[in-house]
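What follows is each chain in one-letter form.
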Amino acid sequence: MPPNSDTPAHMSPEEFRRQGHAAIDWIADYWAGLDDVPVLAQVAPGDVRRSLPTAPPEAGEPFDALLADLDELVVPGLTHWQHPRFFAYFPANSSPAAILGDLISSGIGAQGMIWATSPAVTEVEQVVVDWLAQALGLPEQFRLTDHGLGGGVIQDTASTATFTALLAALHRASGGSARDTGVGATKWAVYGSSQAHSSLVKAAMMAGLGSECVRAIEVDPATQAMDVRALELRLADDIDDGWTPVFVQAAVGTTSTGAIDDVQAIAEAIDGTSAWLHVDAAWAGVAAVCPEHRDRILAGVHLAHSIVTNPHKWMLTTFDCSVLWVQQRAHLTEALSITPEYLRNAASESGAVVDYRDWHPQLGRRFRAMKLWAVLRTYGLEGLRAHIRSGVDLAAYVEELVADDERFELVTPRSLSLVVFRHVGGDEPTLAAMHALNASGVAYLSHTVVEGRAAMRVAVGSWRTTRADIDRTWAELQRVL
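Residues numbered from 1 in each chain as written. Predicted model: local features only at pLDDT ≥ 70, side-chain atom pairs only at ≥ 80, totals over all residues. Heavy atoms only, no water.

A.B. asks: What should I look at first to understand the nonpolar core in this one?
C.D. replies: Across soluble globular proteins, nonpolar side chains have a tendency to be buried as a group. If you look at the biggest cluster of nonpolar residues, it comprises 101 residues, and the most contacted ones within it are Leu166, Val190, Leu209, Leu231, Phe247, Leu277 and Trp325. Once residues within four sequence positions are removed from consideration, Phe247 is found in contact with Thr162, Ala165, Leu166, Ala169, Ala189, Val190, Tyr191, Leu200, Ala275, Trp276 and His278. Core analysis: the next-biggest nonpolar cluster, separate from the first, contains 22 residues, Val402, Met434, Val458 and Val460 among them. (Core = buried A, V, L, I, M, F, W, Y, C linked by side-chain atoms within 4.5 Å. Buried < 20%, exposed > 50% of the residue type's maximum accessible area, 1.4 Å probe, protein only. Contact = heavy atoms within 4.5 Å.)

A.B. asks: Looking at this model, I keep getting lost on the packing of helix α6 (residues 158-173) against helix α13 (residues 329-336). Mind explaining?
C.D. replies: Think of two packed helices as two axes; the pair is described by the angle between the axes and how far apart they sit. Relative to each other, α6 and α13 sit at 90°, their axes nearing to 8 Å. Put simply, α6 runs roughly perpendicular to α13. Packed against α6, whose contacting residues are Thr164, Leu167, Ala168, His171 and Arg172, the element α13 presents His331, Leu332, Glu334, Ala335 and Leu336 at the interface. (Axes fitted to C-alpha atoms, helices over the stretch in contact; angles between N-to-C directions. Helix = DSSP H or I, 4+ residues; strand = E, 2+ residues; numbered from the N terminus. Parallel < 35°, antiparallel > 145°, perpendicular 65-115°, else oblique.)

A.B. asks: Is there a simple way to think about the sheet that holds strand β11 (residues 453-459) in this case?
C.D. replies: Strand pairing within a sheet occurs via backbone hydrogen bonds; the two strands may be parallel or antiparallel. Read across the open sheet, the four strands follow the order β8-β9-β11-β10; overall the sheet is antiparallel. In this open sheet, the two strands that pair with only one neighbour each are β8 (408-410) and β10 (446-450). Each strand axis lies, on average, 40° off the axis of its neighbour in the sheet, ignoring direction. Sheet topology note: the β8/strand β9 (residues 418-423) ladder contains three bridges and is antiparallel. When the sheet's bridge partners are listed, Leu410 is paired in β9 with Phe421. With respect to the sheet, helix α16 (residues 427-440) is in contact with β9, β10 and β11, its orientation differing from that of β11 by roughly 30°. (Pairing = 2+ DSSP bridges.)

A.B. asks: Looking at this structure, I do not really get helix α15 (residues 369-403). What am I missing?
C.D. replies: Note that an α-helix has 3.6 residues per turn; residues three or four places apart therefore point the same way. Between its first and last C-alpha atoms α15 spans 42 Å; for 35 residues at 1.5 Å apiece the expected length is 51 Å, and the helix comes up short by more than 12%. A bend of about 90° at Gly380 is the largest found in α15. (Expected span 1.5 Å × (residues − 1). Bend = angle between axes of the 7 residues up to and from the residue.)

A.B. asks: Help me out: how do you make sense of the packing of aromatic side chains in this one?
C.D. replies: The way to describe two aromatic rings as a pair is by their centre distance and the angle between their planes. Applying the stated criterion to the full structure yields twelve aromatic pairs. Ring geometry for Tyr89 versus Tyr444: centroids 6.1 Å apart, planes at 80°, classification edge-to-face. Of this pair, Tyr89 sits in the loop between α3 (63-74) and α4 (96-108) while Tyr444 sits in the loop between α16 and β10, and the two are 355 residues apart along the sequence. Here a set of aromatic residues connected by ring pairs shows up, and it is made of Trp81, Phe86, Tyr89 and Tyr444. The residue whose ring lies beneath Arg215 is Trp243, and the NZ or CZ to ring-centre distance is 4.2 Å. Above the plane of the ring of Tyr397 lies Arg467, whose end atom (NZ or CZ) is 3.6 Å from the centre. (Phe/Tyr/Trp six-rings, centres within 6.5 Å; stacked < 30°, edge-to-face > 60°. Lys NZ or Arg CZ within 6 Å of the ring centre and 35° of its normal.)

A.B. asks: What exactly am I supposed to notice about the side chain of Asn93 here?
C.D. replies: Mapping Asn93 onto the fold places it in the loop between α3 and α4. On the basis of relative accessible area, Asn93 is assigned to the buried category, the value being 3%. Engagement of the side chain of Asn93 in a polar contact is seen with the backbone oxygen of Gly461, the distance being 3.1 Å. (Polar contact = N/O pair within 3.5 Å; in protein donor to acceptor, adjacent residues only side chain to side chain.)

A.B. asks: I keep staring at a nonpolar patch on the surface and nothing clicks. Help me out?
C.D. replies: On the surface, a cluster of nonpolar side chains totalling about 380 Å² of accessible area is made up of Met11, Phe16, Phe63 and Leu66. Inspection of the secondary structure puts Met11 in the segment before α1 (13-33). Assessed through its relative accessible area of 38%, Met11 is described here as partly exposed. (Patch = residues over 30% accessible without salt bridge, like charges linked within 9 Å, V, L, I, M, F, W, Y side chains within 5 Å. Areas by Shrake-Rupley, 256 points an atom, 1.4 Å probe, with all protein chains shown as cover. Salt bridge = Lys/Arg side-chain N within 4 Å of Asp/Glu carboxyl O.)

A.B. asks: What's the story with the environment of Ala346 in this structure? I'm lost.
C.D. replies: One can find Ala346 in helix α14 (residues 346-350). The exposure class assigned to Ala346 is exposed, which follows from its relative accessible area of 66%. For the pair Ala346 and Glu15, spaced 331 residues apart in the sequence, the C-alpha separation amounts to 41 Å.

A.B. asks: Sorry if this is basic, but what is going on with the packing of α16 against helix α17 (residues 467-480) here?
C.D. replies: Contact pair α16 / α17: the axes reach a minimum separation of 9 Å and the direction vectors enclose 120°. If you check the angle between α16 and α17, you find them oblique. Two packed elements cross with a definite hand, and for α16 against α17 that hand is right-handed. The residues of α17 that touch α16, namely those facing Ala433, Ala436, Leu437 and Ser440, are Thr473, Glu476, Leu477 and Val480. Of the residues contributing to the contact of α16 with α17, the split by class is five nonpolar, two polar and one charged. (Left-handed = near helix turned anticlockwise from the far one by under 90°. Nonpolar A, V, L, I, M, F, W, Y, C, P; charged D, E, K, R; others polar.)

Below, the structure written as structure tokens:
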């Protein structure tokens, strides 16, 4: 660009096409080389920051320079979540189809806050979340049918979905006063198991209820699922003390061990209260695409007011993509709808369209449905089932390896593709073995504490993981013991 030119330094269509090919090539090469790099980042705090300039460039640089810096400065500071031996936390799947869908979404660059700002953004999402509900076998009342009352929406994460559901629950239980005058003098109580995700407490904090309103209900020591009798007793005590139960979260696949709460029994326990039942199936929910897992995952879900699952965990969809379904969408829209003059339009006022900005805290929303649409169409249900079954089968193989080694023991029964185990010698050898394995770069595991004792977690779910990756990980674990 000539000096002092007033013309912005935009890429020409030809340059964009060339650099776009280069970026896709970089991603493909990155994937192809993952098997040869350490899974865990090999940097100290501040290393990446110190390698970058302290000020932005005055003149524009060629895009090639950024790609070069990815290799030299960024990749060494990455923990590689798409690595075939990333077994920590839960998988954060990406896939070629999802990436291309996300790229198209970015290229379109539409703002889908209301139907009128891009009708296709809204209506594709309506169809795609209904497709997913059908694929998982969710009860029909959660679908956005022409005459139904429910429906689904793509959130960024399950944490936001939980917060959104809590706001809807407060609106419903307060008769609408919570959105106008706040939580007031009512002592609202929120319930989840001691293994519930931390986002439940954060949701209560953000809703103005405070963390002290959250009741951590005991779990069965053997299964780590919520003790429903303990829930019943706490509900009775709270009601006697003047508390009003407003929200109960049932976990279907806890982060720690993959425990699955008895949703049916929890629903029966809160019957007669004003409490909203929310099912957090962020990780495990997508496994319901396989009919053989559906009875376990969806048992009692028809009694819930809302359910969330994350295609961006185990269903090959690039982060962020978390789907929340509700049986009564009016509870969301009435709790969250605000219509300033600049958003007024004939379509919204006709009542004939959905404005998704009323379904979550954010106003702005991007075309997240594009990547999920791409995944559902390119893999099909057969491909998605094969992916889930592969993860379950590989985890079953890990379970066999643990059972056959007298130095280790299972902590809880395997939950789908999650295996939790420990060294029989206790916390010190358990954590020492895990840290040594992680430091080797061969694989990456995370830990938890179950009934006061440390344990290792192997969460299988990458689309690139094979039996050979399990064997290599296990061999390295044997070596570092």
